Structures are given as C-alpha cells and as structure tokens.
Amino acid sequence: MFICLFYHSPLSSSAQERLDLYSESVLLMDGKTGEIIYEKQGEKQMYPASITKIVTGILALEMGKPEEQVIISEETTTIEGTRVYLLEDEVVSLERLVQGLMISSGNDAGHAIAEHLAVSEEDFSEKMNEFIRKRLDLQNTNFTNPHGLFNENHYTTAYDMAEITRYALSNEDFREIVATKEMEWNGKGWETTIFNHNRMLWNYDGAFGVKNGFVQRSGFTLVTAAERNNRELIVVVLNAGTADQSYQDTTRLLDYGFENYAQEEMKEKESFLNTNPSPYYPNELIEPLEKFRILKLEVIETREERME
C-alpha cells in the first residue's frame, strides 16, 4: 500500500493570493493524482476554441486504428480557419490526420476525423459529449464540433479540460503526438514542415504538450503539460487577452506548482517525520489520519491501565 502526501511551503497560501494572472479562468492540476493545486474560476463555463481538439484527438486514437485510410470529402476542404490543406478525394491515414489536428491545429483534419468515425460533425459531437459525461463524469462541458470554431453551445471549464487532458495523456500515442515540435507534411495539396503551435514546447523546460487555441469570442486558450523530477503538472488557462498573456500565466502557474508543491510516497509501516510547520493533506486522508490518531491514543491508554 502506498500513501501519497502533498506538502507546501509556509508561504504557499499567500503566494497563491499574490499570483498576478491575466486569464479569466485558470486551473493547475497534478497530472498523476488529479489534485487541484491552484484555481481561479475553474468551474466557470467558457469557450474553449482549439483546445477542443484534445477530445477529438484522443477519441480518434481510441475509436479507430492509426493505419485506417480516410478519404477526404469536398465538405472537409471548405472548413474555415487553420488548415493542413487537405484536398477532395485525397487519402490520408487516421494517424496523419491526428498529427495534423494536434500539431498544426488543422480544422479540416478535425472535420475529416469526424466524418470518418461518425458520418458528420453533429454525430461526432454526440460521441464527444457521451465520452466526457459517461467515461469521465464531467457535466459542465458541451461540444458541438470537433475543432472548436465558435458556437454558443460549445463550452467547457478549466477543470473539465484538465481532467480531459489527464485522461488523454494516459495514451502513449497521444503523448507522443502532442510533444512533437515539428514534422514533415507531404500531402497532395501541401508539402512543408509543420511546427507545433504550442510555444511552451520551446519556452518551458519539461513541457511536452498539449494544445493552444483562439477564436474572437473565446480569447486565447492554452492547455499545457510539463514534467520535472517525475512530477507532472497540467495547466489550463482560458480567455487570456493575448497569446503572450496565456503563455505568461501558464509559466507562472507551472513555476508555482513545481516550486511550492512536492509529492512523496510512503510504503506501509514506513514512518514519516514532517519538519514543515504547514502540512497539507488531501481531503480523503484527513479522516483516516484522525482515526489513526484516536486509535493510537486508545492503545496508549490501554497500556497504561495494564501497568496500573
């Protein structure tokens, strides 16, 4: 049996209050345990823009096979926004579409995935919503398309996106794709080197994904995962005023998490001495720890009674 304990420094509470963030909604989560380390309006419904593609990407990898061949429709070629310039009747593997979706943020790749796996964007959106509600038990998110183009009924929360991302990162293929900085794209309509739109991959030590986004009504959105010293953090920022502000907020939150929080594992029967005057225990540990304290006192009292 292992017990995970989280500690913060005596200054962490005040440090949280002093964090100066631009984004309307943010959340910092431990990627391995799901523990929320910091949040600001984490449950507020917001417009996600292209971070929607995290759901599309993981569903494509789970519902299909990487080598499946997808025939591009005429409708796919007319999708607005960022594209990887797919051509009608072009044949592309499902894996390549996920790469174009997550690395170069291709809206046309998202539409092609939706048509391949569910006939239409509307049908695929139903699968997206079923996935987040039944598989992940998230109730404050609703998707109407696979790419994140604006729709009044297309919304999420920082908390839901962090949980979705935590799940997606458990898939090794997904992790590899979102960590890819650049790759050759040799399509019928576009031969080039595509570069990952998430600048955190270059700008932050340990960052390995995940996705950025922007439409006018959503502002700038960004989901980032980073790992240091076997610790994994996920940051979601929603509705920043500029791209730079979304990256600045993400950097502040990751720095805060790595600098103020540590995670240790205790084996059964292993003793633990805490020299930190301000320990933090997850809620689910408080009651067991209290019961242990009471039990220990009872044992001591019984021993004293026997001595008398």
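Keep in mind it's a predicted model, so treat the numbers as computed, not measured. (Residues numbered from 1 in each chain as written. Predicted model: local features only at pLDDT ≥ 70, side-chain atom pairs only at ≥ 80, totals over all residues. Heavy atoms only, no water.)

## Some details on the pattern of salt bridges
The final tally for this structure, using the stated rule, is nine salt bridges. Between Arg83 and Asp108 there is a salt bridge whose closest N-O contact spans 4.0 Å. Taken as a pair, Arg83 in the loop between strand E4 (69–71) and strand E5 (91–93) and Asp108 in helix H4 (residues 107–118) lie far apart in primary sequence, 25 residues in all. We note a salt bridge from Glu163 to Arg166, for which the minimum N-O separation is 3.3 Å. Here Arg166 and Glu163 lie together in helix H6 (residues 158–168), a separation of three residues that amounts to about one turn. (Salt bridge = Lys/Arg side-chain N within 4 Å of Asp/Glu carboxyl O. Helix = DSSP H or I, 4+ residues; strand = E, 2+ residues; numbered from the N terminus.)

## Topic: unusual backbone geometry
The step from Gly209 to Val210 runs through a cis peptide bond, and the omega angle for that step is 25°. Structurally, Val210 is set in strand E8 (residues 207–215). Of note in the backbone geometry, Ser105 takes a positive phi value of approximately 60° without being a glycine. Checked against the element boundaries, Ser105 lands in the loop between helix H3 (94–103) and H4. Within the chain, Asn229 stands out as a residue other than glycine whose phi angle is a positive 50°.

## As for the nonpolar core
Ranked by size, the top nonpolar core spans 53 residues in total, and within it Ile54, Leu97, Ile113 and Phe174 carry the most contacts. Excluding its chain neighbours within four sequence positions, the residues that come into contact with Ile113 are Thr56, Ala60, Leu94, Leu97, Val98, Leu101 and Phe124. (Core = buried A, V, L, I, M, F, W, Y, C linked by side-chain atoms within 4.5 Å. Buried < 20%, exposed > 50% of the residue type's maximum accessible area, 1.4 Å probe, protein only. Contact = heavy atoms within 4.5 Å.)

## Some details on the packing of helix H2 (residues 53–63) against H4
At a minimum axis distance of 11 Å, the contact between H2 and H4 shows a crossing angle of 40°. Between H2 and H4, the interaxial angle falls into the category oblique. Of the two possible hands of crossing, H2 and H4 adopt the one that is left-handed. Of the residues in H4, those in contact with Lys53, Thr56, Leu59, Ala60 and Met63 of H2 are Asn107, Ile113 and Leu117. (Axes fitted to C-alpha atoms, helices over the stretch in contact; angles between N-to-C directions. Parallel < 35°, antiparallel > 145°, perpendicular 65-115°, else oblique. Left-handed = near helix turned anticlockwise from the far one by under 90°.)

## Things to note about the packing of aromatic side chains
Here the structure, examined in full by the defined rule, presents six aromatic pairs. Ring centres of Tyr38 and Tyr256 lie 5.7 Å apart, and the angle between their planes is 75°; this geometry places the pair in the edge-to-face category. With Tyr38 in strand E3 (residues 36–40) and Tyr256 in helix H9 (residues 243–260), this residue pair connects regions lying 218 residues apart in the sequence. With centroids separated by 4.2 Å and ring planes inclined at 25°, the aromatic side chains of Phe214 and Phe220 adopt a geometry described as stacked. A residue is classified by how much of its surface remains accessible, and Phe220, at 21% relative accessible area, is partly exposed. Ring-pair connections join several aromatic residues into one group, and the members of that group are Tyr38, Tyr256 and Tyr261. Just above the ring of Trp185 sits the side chain of Arg96; from NZ or CZ to the centre is 5.2 Å. (Phe/Tyr/Trp six-rings, centres within 6.5 Å; stacked < 30°, edge-to-face > 60°. Lys NZ or Arg CZ within 6 Å of the ring centre and 35° of its normal.)

## Re the pairing of E3
The pairing of strand E2 (residues 25–30) with E3 spans four bridges and is classified as antiparallel. When the bridges of E3 are listed, Val26 appears paired with Lys40. Between the antiparallel neighbours E2 and E3 lie five residues, among them Gly34 with a positive phi of about 80°. (Pairing = 2+ DSSP bridges.)

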